[in-house]
Amino acid sequence: MVLSALAPDRAPLLDAHYVLPPEGTDAILDLPLPRRVRVTAVDESGSPVEGASLTVEIPGFSVAPIYFPVRAIAPGVHEIELLPPGEVDLGLTRAGRRYARRHDTAVREARFVVPVCAAVVVTVTGKVPHEESGRPLAVRLRRAGPEELELRQPLDGRAPGTWTVRFPAVEAGAYDLFLEARAQFGAEFRELSPPLRVEVPAGPGEVSVALRL
């Protein structure tokens, strides 16, 4: 027999198979209640971090991914619902870097502290080469070295003119900036401009870069 169970807050639990005792015997179902965890992301100054993505995985569960409801309730604050008892792996991705930690769902609060990052604003002027017309374009920042990072933002290049692309959070370091077009077949991008060196300082602020085609 299949029993469909509800938690006290009416949230549906997974259907489960139970072996019922003989007629006239009381049946006691001991169901684990789903748990909720609030995840807060702040930078080193204590300011909330916006634009970060959050993932949840069950350790050792490799058959298929399980998705849990994640909702943003305030800048830098997410809530994850319907979590099972035990440990989960939380992953926060921001500015191209993923921060991971193991978390016991019995603890209702989790907190990530990430570096303070500057914004990079790229102004692109000129005309897209004719042979690349109509292809998806992007601006890419690449930081080489032992801690390599790549960030990419799409660019609408359907008409000649001036475009502005904003990277809201970029870690400190020296980056090469490129304009790219996606190859006609496949997912690779082809560079349309020589690399332009961009120095991003540590801490908050905004770096403006001009790129001419």
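As the structure is a prediction and not an experimental result, all values here were calculated from the model. (Residues numbered from 1 in each chain as written. Predicted model: local features only at pLDDT ≥ 70, side-chain atom pairs only at ≥ 80, totals over all residues. Heavy atoms only, no water.)

Visitor: What is the right way to read the sheet that holds strand 3 (residues 35–43) from this model?
Guide: Backbone-to-backbone hydrogen bonds pair the strands of a sheet. The strands run either parallel or antiparallel. Pairing in this open sheet of four strands is mixed, and the strands run 5-6-3-9 from one edge to the other. Strands with a single pairing partner mark the edges of an open sheet, and in this sheet they are strand 5 (70–74) and strand 9 (109–114). Pairwise comparison of adjacent strand axes, ignoring direction, gives a mean angle of 25 degrees for this sheet. The sheet contact formed by strand 5 and strand 6 (residues 77–83) spans four bridges and is antiparallel. Paired with Val70 across the bridge in strand 6 is Ile80. (Pairing = 2+ DSSP bridges. Helix = DSSP H or I, 4+ residues; strand = E, 2+ residues; numbered from the N terminus. Axes fitted to C-alpha atoms, helices over the stretch in contact; angles between N-to-C directions.)

Visitor: So what exactly am I meant to see when it comes to the pairing of strand 8 (residues 97–104) here?
Guide: Along any regular strand, the residues point their side chains to alternate faces of the sheet. With eight bridges joining them, strand 7 (residues 87–94) and strand 8 adopt antiparallel strand pairing. Opposite Val88, over in strand 8, you have His103 as the bridge partner. As consecutive antiparallel partners, strand 7 and strand 8 are separated by two residues, and within that stretch Ala95 has a phi angle of approximately 55 degrees, a positive value.

Visitor: Just checking my understanding: could you explain the layout of surface pockets for this structure?
Guide: Unfilled space is identified by rolling a water-sized probe across the atoms. The computed volume of the second largest pocket comes to approximately 350 Å³. In terms of lining, the second largest pocket is formed by 20 residues, of which the most central are Glu50, Arg94, Phe167, Pro168 and Ala169. Those elements that provide at least two residues to the lining of the second largest pocket are strand 7, strand 10 (118–126), strand 12 (149–155) and strand 13 (161–170). Per-element tally for the lining of the second largest pocket: the top contributor is strand 13, with four residues. Considering only residue class, the lining of the second largest pocket consists of 10 nonpolar, five polar and five charged. (1 Å grid on protein atoms, 1.4 Å probe; cavity = no way out; pocket = protein on both sides within 12 Å on 5 of 7 lines; lining within 4 Å. Points joined across faces, edges and corners; volume = space filled by probe spheres on them. Nonpolar A, V, L, I, M, F, W, Y, C, P; charged D, E, K, R; others polar.)

Visitor: When you look at the sheet that holds strand 13 in this model, what are you seeing that I'm missing?
Guide: Strands sit in the order 13-10-17 across an open sheet of three strands; the sheet is mixed. Each edge of the sheet is formed by a strand with only one pairing partner; in this case those strands are strand 13 and strand 17 (206–212). Sheet twist, expressed as the mean angle between neighbouring strand axes with direction ignored, is 15 degrees. As judged from the seven bridges shared by strand 10 and strand 17, these two strands associate in the parallel manner. When the bridges of strand 17 are listed, Ala119 appears paired with Glu206.

Visitor: Hey, could you run me through the environment of Arg98 in this one?
Guide: Residue placement: Arg98 occurs in strand 8. A relative accessible area of 46% means that Arg98 is categorised as partly exposed. Note: C-alpha distance between Arg98 and Leu54 (44 residues apart in sequence) is 9.5 Å. A polar contact of 3.5 Å, which involves the side chain of Arg98, links it to the side chain of Thr55. (Buried < 20%, exposed > 50% of the residue type's maximum accessible area, 1.4 Å probe, protein only. Polar contact = N/O pair within 3.5 Å; in protein donor to acceptor, adjacent residues only side chain to side chain.)

Visitor: Please clarify how the packing of aromatic side chains should be interpreted in this entry.
Guide: What describes a pair of aromatic rings is the distance from one ring centre to the other and the angle between the planes of the rings. With the rule as written, the count across this model stands at zero aromatic pairs. Over the ring of Phe112 we find Arg101, and its NZ or CZ is 4.6 Å from the ring centre. Between the NZ or CZ atom of Arg152 and the centre of the ring of Phe189, over which it lies, the distance is 4.4 Å. (Phe/Tyr/Trp six-rings, centres within 6.5 Å; stacked < 30°, edge-to-face > 60°. Lys NZ or Arg CZ within 6 Å of the ring centre and 35° of its normal.)

Visitor: It is not clear to me how the confidence of the model for the protein chain should be interpreted in this structure. Could you clarify?
Guide: Interpretation of this model should avoid reading the predicted coordinates in detail wherever pLDDT is low. Chain-level pLDDT for the protein chain is 82 on average; 77% of the residues reach the 70-or-more range. Per-element averaging of pLDDT across the protein chain places strand 1 (residues 2–3) at the bottom with 42 and strand 9 at the top with 96. For residues 1–8, every residue scores under 50 in pLDDT, and the model assigns this stretch 22 contacts once sequence neighbours within four places are set aside. Every residue in residues 10–16 scores below 50 in pLDDT, and together they form 17 contacts with partners more than four places removed in sequence or on other chains. (pLDDT = per-residue confidence, 0-100. Contact = heavy atoms within 4.5 Å.)

Visitor: Can you walk me through the side chain of Arg143 in this structure?
Guide: Positionally, Arg143 belongs in strand 11 (residues 137–143). The class for Arg143 is buried, based on a relative accessible area of 9%. Within polar-contact distance, the side chain of Arg143 engages the backbone oxygen of Glu147 at 3.0 Å. Apart from the residues lying within four places of it in its own chain, the contact partners of Arg143 are Arg97, Glu148, Leu149, Glu171, Ala172, Gly173, Ala174 and Tyr175.

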